[in-house]
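# Descriptive analysis of the structure
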Amino acid sequence: MTLSPDRDLLLRIAEALDRLAPPPAPPVDLTQADAFSWHAENDRLVPVPSVSRVDLGLLRGVERVRDILLDNTQQFAGGFPANNALLWGSRGMGKSSLVKAIHAAVLAEMPADAPGKLKLIEIHREDIPSLPRLLNQLRAEPHCFILFCDDLSFDHDDAAYKSLKAVLDGGIEGRPANVVLYATSNRRHLMPRDMIDNERSSAVNPGEAVEEKISLSDRFGLWLGFHACDQQTYLAIIRGYVERYGLEIDEATLAAEASEWAVTRGGRSGRVAWQYIQDLAGRRRHKLE
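Everything numeric here is computed off the predicted structure, so don't read it as measured data.

### Describing the nonpolar core
Leu69, Leu98, Leu118, Tyr234, Ile238 and Tyr276 are the most contacted members of the largest nonpolar core, which has 51 residues in total. Broken down by element, the residue count for this core peaks at 7 residues, all from helix α8 (residues 231–245). Once residues lying within four places of it in the same chain are set aside, the contact partners of Leu69 are Ala85, Leu87, Leu98, Val99, Ile102, Tyr182 and Leu224. Of all hydrophobic cores here, the second largest spans 30 residues; its members include Trp38, Ala40, Leu152 and Phe220.

### Observations regarding the packing of helix α9 (residues 251–265) against helix α10 (residues 270–283)
The axes of two packed helices give the description: the angle between them and the distance between them. Relative to each other, α9 and α10 sit at 125°, their axes nearing to 10 Å. Relative to α10, α9 is oriented oblique. α10 is crossed by α9, and the crossing has right-handed handedness. Contacts between α9 and α10 involve Leu254, Glu257, Ala258, Trp261, Ala262 and Arg265 on the former and, on the latter, Val272, Gln275, Tyr276, Asp279, Leu280 and Arg283. Class assignment for the residues of the contact of α9 with α10 results in 7 nonpolar, 1 polar and 4 charged.

### Section: the pairing of strand β2 (residues 44–47)
Looking at chain direction, strand β1 (residues 35–39) and β2 are connected through 4 bridges and run antiparallel. What sits directly across from Phe36, in β2, is Pro47. Hairpin remark: β1 followed by β2, antiparallel, with 4 residues in the connecting loop; positive phi at Asp43, about 50°.

### Structural notes on helix α2 (residues 63–77)
The terminal C-alpha atoms of α2, which comprises 15 residues, lie 21 Å apart, in line with the 21 Å expected from a rise of 1.5 Å per residue. In the core, the buried residues of α2 are packed alongside β3 (85–89), α3 (95–109), β4 (118–122), β5 (144–149), β6 (179–185) and β7 (222–226). Gly79 sits one or two residues past α2 and shows a positive phi near 90°.

Reading guide: rules and limits
Residues numbered from 1 in each chain as written. Predicted model: local features only at pLDDT ≥ 70, side-chain atom pairs only at ≥ 80, totals over all residues. Heavy atoms only, no water. Core = buried A, V, L, I, M, F, W, Y, C linked by side-chain atoms within 4.5 Å. Buried < 20%, exposed > 50% of the residue type's maximum accessible area, 1.4 Å probe, protein only. Helix = DSSP H or I, 4+ residues; strand = E, 2+ residues; numbered from the N terminus. Contact = heavy atoms within 4.5 Å. Axes fitted to C-alpha atoms, helices over the stretch in contact; angles between N-to-C directions. Parallel < 35°, antiparallel > 145°, perpendicular 65-115°, else oblique. Left-handed = near helix turned anticlockwise from the far one by under 90°. Nonpolar A, V, L, I, M, F, W, Y, C, P; charged D, E, K, R; others polar. Pairing = 2+ DSSP bridges. Expected span 1.5 Å × (residues − 1).

Listed below in structure tokens is the structure:
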């Protein structure tokens, strides 16, 4: 049968629209992994077969915040109320490492036949506006979900923080009981100081303007501060790695090399300690399994 020119044109237009807006992808099987990455461009959860993390026991100098976050996560995984958490403070002191390590530790405690598992979902800062769509996917699932946003902060004229505020408050539906948000940031209030000061100096009501900017961090029930470590803690972190990986080095050489390494890096932190361990293992031709 020969189609009329008008009908043929309409069919071609419909086919072109189908290619531009393909049908939604089928839901991801959440049992195939314990961690996922959220891809907002196509509303997909992509499994992460192997998470890059360190054991909880290797994180030194953060024992207090470790215990608080561990308790909160255990409550959450057990089906009890728990708070969103903001891990803020000095760079390289284990904020993101702690989140991933606690996820692994709590997951290992859960019974093998538990009906729902604790899942870790990483969401990138630029995908914050898509959070409501992600929550809609997770709301009816039997699992518990930690949404993890690393290095969260907002700059001038960035309205995405309003989307996050709405999600943390839950809106009309409320935040799903099976979801918490753990975020890390170098800033306690997630906004640059000059942005807050500018609002204070230029607003008609400075107090209200500043409250609007800093109220985002108030949506996190837990504020966990990470501070620069001293020499004793820095060396304790390194000794923990040395023992774990079986690196052979005498105490005097270790202290001297580690101290020099920190000076060349401009400070001491867990990240600097790990970088020294990588250098030491490489020089000793020792693989870090």
